[in-house]
Amino acid sequence: MHDHRRLGRELDLFDTDPLMGAGLPYWLPDGAVVRHTLEEYVREAERGAGYRHVYSPVLGKRELYEISGHWDHYSEDMFPPMKLGGEEVVLRPSLCPHHALIYRSRSHSYRELPLRIAELGGMYRSELSGVLGGLTRVRSIQLNDAHIFCTLDQAVEEARAALALIRRAYADLGIRAARYRLSLPGEGNKYVADPELWRRATALLEDVLEGVEYEAVEGEAAFYGPKIDVQIVDPAGRESTLSTVQIDFHQPERFDLHYIGPDGAKHRPVMVHRSIIGSVERAVAHLVEEHGGAFPAWLAPVQLVVLPVAEEQYEQAEKVVRRALDLGLRAELAGPEHGTLGARIRSARLVPYVAVIGEREAADGDLAAVRLRDGRRPGAVSVEELLARVEGVVRTRGAELWAAA
């Protein structure tokens, strides 16, 4: 059973320091590579699905969150306001209000809808010290978030498309959903008091989930509306939410959002919230535990390690590394100064591809003895073939490291 907290430190992915504070991990170079690659993957997937990316500040005036409803329903999870002149500003607990303001800043025609805006943005939650742990519960969160402003008739199809994006991402990442949950409101004043809002949004999400096996659970909704939660399970059997899709009538009303319809009149849009991988922190934690640090080749911090057997093969090994880097691959050289060949091979056990350059390979000038992470040894192949195969697997995000010719 893999624990991402232990593995993350052993593999030099992330760490913490008491001077930075609990729940505020920092990313080491290899962890930063995984994070950056994951973020670029999400941006690419979103661009292909018609999303436009924005940036918004991590601070907002208290009044912003009073309008959105966060201050009334969510303030216990927010950091205290900070005085700034005569105003109070807050570290944002959510990106939704900022995206509502971005939409509101320009007039929109029905011809522009659906308008899909996405952001990988920071947000902050005032988590209690007792629940903090590794990357799964943190106070500083990098969230893969997006909001689709659309007509009522478009909402179900947009939410279904968001679920399809989530499924595709899980396949590429080598993870799976444990179950789908329709999260509904529970008792108490945690939720917006508008029965008609909840009825309409719930009915739409039930349409989205048609043909999908799911469980309806009370008490897990967002304060402003129901949501579809995509649940994952860690090796210890603990369940958590990674991805979400929500349909929201509340914030368009609170921020007085509108578009101009074909009749020339103002109409209220529907706001679909969706997150493909949720927080980057929780996604990486799950990937570490799911794969035991042996990430898919396209996501691995180092994709190819080149090992010269002796100093005499060092120059040839350097040439191989340079060729790999020119192709955009993440390659490193581990020479004899790092120990015996056996020790270096063991150190590279989580790297998808290992290329050994011995006397015979160096004499040929274009050979490498290949070892794969799964234990297979394709043997001596040309460097050109090796790099072409690695580049192909990385580019296509393939699961098979060395397909039969």
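Residues numbered from 1 in each chain as written. Predicted model: local features only at pLDDT ≥ 70, side-chain atom pairs only at ≥ 80, totals over all residues. Heavy atoms only, no water.

### Observations regarding the overall build of the chain
Short version of the rule: Working definition: helices are DSSP H or I runs of at least four residues, strands are E runs of at least two. Numbering for both runs from the N terminus. The Shrake-Rupley method, run with a 1.4 Å probe sphere, supplies the accessible areas, and residue values consider only the shown protein chains as cover. The positive count covers Lys and Arg only, the negative count covers Asp and Glu only, and His and the chain ends enter neither. The atom standing in for a charge is NZ when the residue is Lys, CZ when it is Arg, CG when it is Asp and CD when it is Glu.
Scanning the chain from N- to C-terminus turns up 13 helices and 20 strands. Along the first, second and third principal axes, the C-alpha atoms of the chain reach 75 × 50 × 40 Å. A total accessible area of about 18900 Å² is found for the chain, and carbon and sulfur atoms account for 49% of it. Distance between charge centres in the chain, computed from 49 positive and 61 negative side chains, equals 1 Å.

### Remarks on the side chain of Thr37
We apply this condition: Buried, partly exposed and exposed residues are distinguished by accessible area as a fraction of the type maximum, computed with a 1.4 Å probe on protein chains only: under 20%, between the cut-offs, and over 50%, respectively. Contact between two residues is taken to exist if any of their heavy atoms lie within 4.5 Å; hydrogens are not considered.
Here Thr37 lies in helix H2 (residues 29-48). Using a relative accessible area of 13% as the deciding quantity, one classes Thr37 as buried. Residues in contact with Thr37, not counting those within four places in the same chain, are Trp298, Leu299 and Arg330.

### With respect to the layout of surface pockets
We apply this condition: Detection works on a 1 Å grid of protein atoms alone, calling trapped sets that fit a 1.4 Å probe cavities and calling open sets with protein on both sides within 12 Å along at least five of seven lines pockets, with lining residues defined by an atom within 4 Å of a point. Grid points are joined across faces, edges and corners, and a volume is the space filled by probe spheres set on the points. The nonpolar class holds Ala, Val, Leu, Ile, Met, Phe, Trp, Tyr, Cys and Pro. Asp, Glu, Lys and Arg form the charged class, and all remaining residues, Gly among them, are polar.
Of the volumes computed, that of the second largest pocket is approximately 560 Å³. Around the second largest pocket, the lining comprises 22 residues; the ones closest to its centre are Asp30, Val302, Glu332, Ser347 and Val351. Elements represented by at least two residues in the lining of the second largest pocket include exactly strand S16 (304-308), strand S17 (331-333) and helix H11 (341-347). When grouped by side-chain class, the residues that make up the lining of the second largest pocket number 13 nonpolar, three polar and six charged.

### Focus: the nonpolar core
This is how it is decided: Here, nonpolar core refers to any group of buried Ala, Val, Leu, Ile, Met, Phe, Trp, Tyr and Cys residues whose side-chain atoms link them within 4.5 Å.
Among the nonpolar cores identified, the biggest contains 107 residues, and Leu38, Leu163, Ile247, Leu304, Tyr353 and Leu386 are the most heavily contacted of them. In terms of residue count, the dominant contributor to this core is helix H6 (residues 152-173) (ten residues). Leaving out residues up to four positions away in the same chain, Tyr353 has contacts with Ala297, Gln303, Leu304, Val305, Arg371, Leu372, Val390, Val393, Leu401 and Trp402. Core analysis: the second largest hydrophobic core is formed by nine residues, Val302, Ala334, Ile345 and Val354 among them.

### Side note on the packing of H2 against helix H9 (residues 280-291)
Applicable threshold: Where helices are involved, their axes are fitted lines through C-alpha atoms of the stretch in contact, as for all axes, and angles between N-to-C directions lie from 0 to 180°. If an angle is under 35 degrees, it is roughly parallel; if it is over 145, roughly antiparallel; if it lies from 65 to 115, roughly perpendicular; otherwise it is oblique. The handedness criterion is simple: a crossing whose near helix is rotated anticlockwise from the far helix by less than a right angle is left-handed, and one whose near helix is rotated clockwise is right-handed.
At their nearest, the axes of H2 and H9 sit 11 Å apart, and the two run at 115 degrees to each other. With respect to H9, the axis of H2 lies roughly perpendicular. The element H2 and its partner H9 pack so that their crossing is right-handed. Facing Val34, Arg35, Leu38 and Glu39 of H2, the residues of H9 in contact are Val280, Glu281, Ala283, Val284 and Leu287. Per-class residue counts for the contact of H2 with H9 are six nonpolar, no polar and three charged.

### Examining the environment of His286
Counting through the fold element by element, His286 comes out in helix H9. Linking His286 and Asn144, residues 142 residues apart in sequence, is a C-alpha distance of 15 Å. Residue contacts for His286: discarding those within four places in its chain leaves Ile175, Ile232 and Val233.

### Some details on the pairing of strand S9 (residues 179-184)
Sheet faces and side chains relate simply in a regular strand, where the side chains alternate between the two faces. Filter applied, for reference: Here the rule is simple: two strands pair whenever DSSP picks up at least two bridges between them.
Within S9, five of the six residues are buried, leaving the element largely enclosed by the surrounding structure. Sheet analysis places S9 next to strand S11 (residues 227-233), joined by five bridges and oriented antiparallel. Counterpart to Ser183 in the pairing with S11 is Lys227. As defined by bridge partners, S9 adjoins strand S10 (residues 214-218) across five bridges and the pair is classed as parallel. Directly across from Tyr180, in S10, lies its bridge partner Tyr214.

### Digging into H6
The cut-off we apply is this: Expected helix span is given by 1.5 Å per residue-to-residue step, counting one fewer step than there are residues.
Taking 1.5 Å as the rise per residue, H6 with 22 residues should run 32 Å; its terminal C-alpha atoms sit 32 Å apart, in good agreement. Of the residues making up H6, those classed as buried are Ala155, Val156, Glu158, Ala159, Ala162, Leu163, Leu165, Ile166, Ala169, Tyr170, Asp172 and Leu173. Looking one or two residues past H6, Gly174 carries a phi angle of roughly 75 degrees, positive in sign.

### Some remarks on the sheet that holds strand S4 (residues 59-61)
Overall, antiparallel pairing links the three strands, which are arranged S4-S6-S5 in an open sheet. Of all the strands in the sheet, the pair left with one neighbour each is S4 and strand S5 (82-84). The mean angle between the axes of side-by-side strands here comes to 40 degrees, regardless of whether they run parallel or antiparallel. The sheet contact formed by S5 and strand S6 (residues 87-91) spans three bridges and is antiparallel. Each residue of the ladder has a partner; that of Lys83, found in S6, is Glu88.

### Topic: the packing of aromatic side chains
Inclusion rule: Pairing of aromatic rings covers Phe, Tyr and the six-membered ring of Trp, with a centre-to-centre limit of 6.5 Å; geometry is then stacked below 30 degrees between planes, edge-to-face above 60, and tilted otherwise. For a Lys NZ or an Arg CZ to count as sitting over a ring, it must be within 6 Å of the ring centre and within 35 degrees of the ring normal.
Here the structure, examined in full by the defined rule, presents four aromatic pairs. Relative to Phe149, the ring of Tyr103 has its centre 4.4 Å away and its plane inclined at 20 degrees; by these criteria the two rings are stacked. Residue Tyr103 is found in helix H5 (residues 96-104), and its partner Phe149 is found in strand S8 (residues 140-150); the two are separated by 46 residues along the sequence. Here the two residues Tyr103 and Phe149 agree in accessibility, since each one is buried. Centre to centre, the rings of Phe223 and Tyr224 are 5.0 Å apart; their planes meet at 85 degrees, and the pair counts as edge-to-face. Neither residue differs from the other here; Phe223 and Tyr224 are each classed as buried. Lying across the ring of Tyr51, Arg274 places its NZ or CZ 4.8 Å from the centre. When the ring centre of Trp298 is taken as reference, the NZ or CZ atom of Arg397 above it lies at 5.2 Å.

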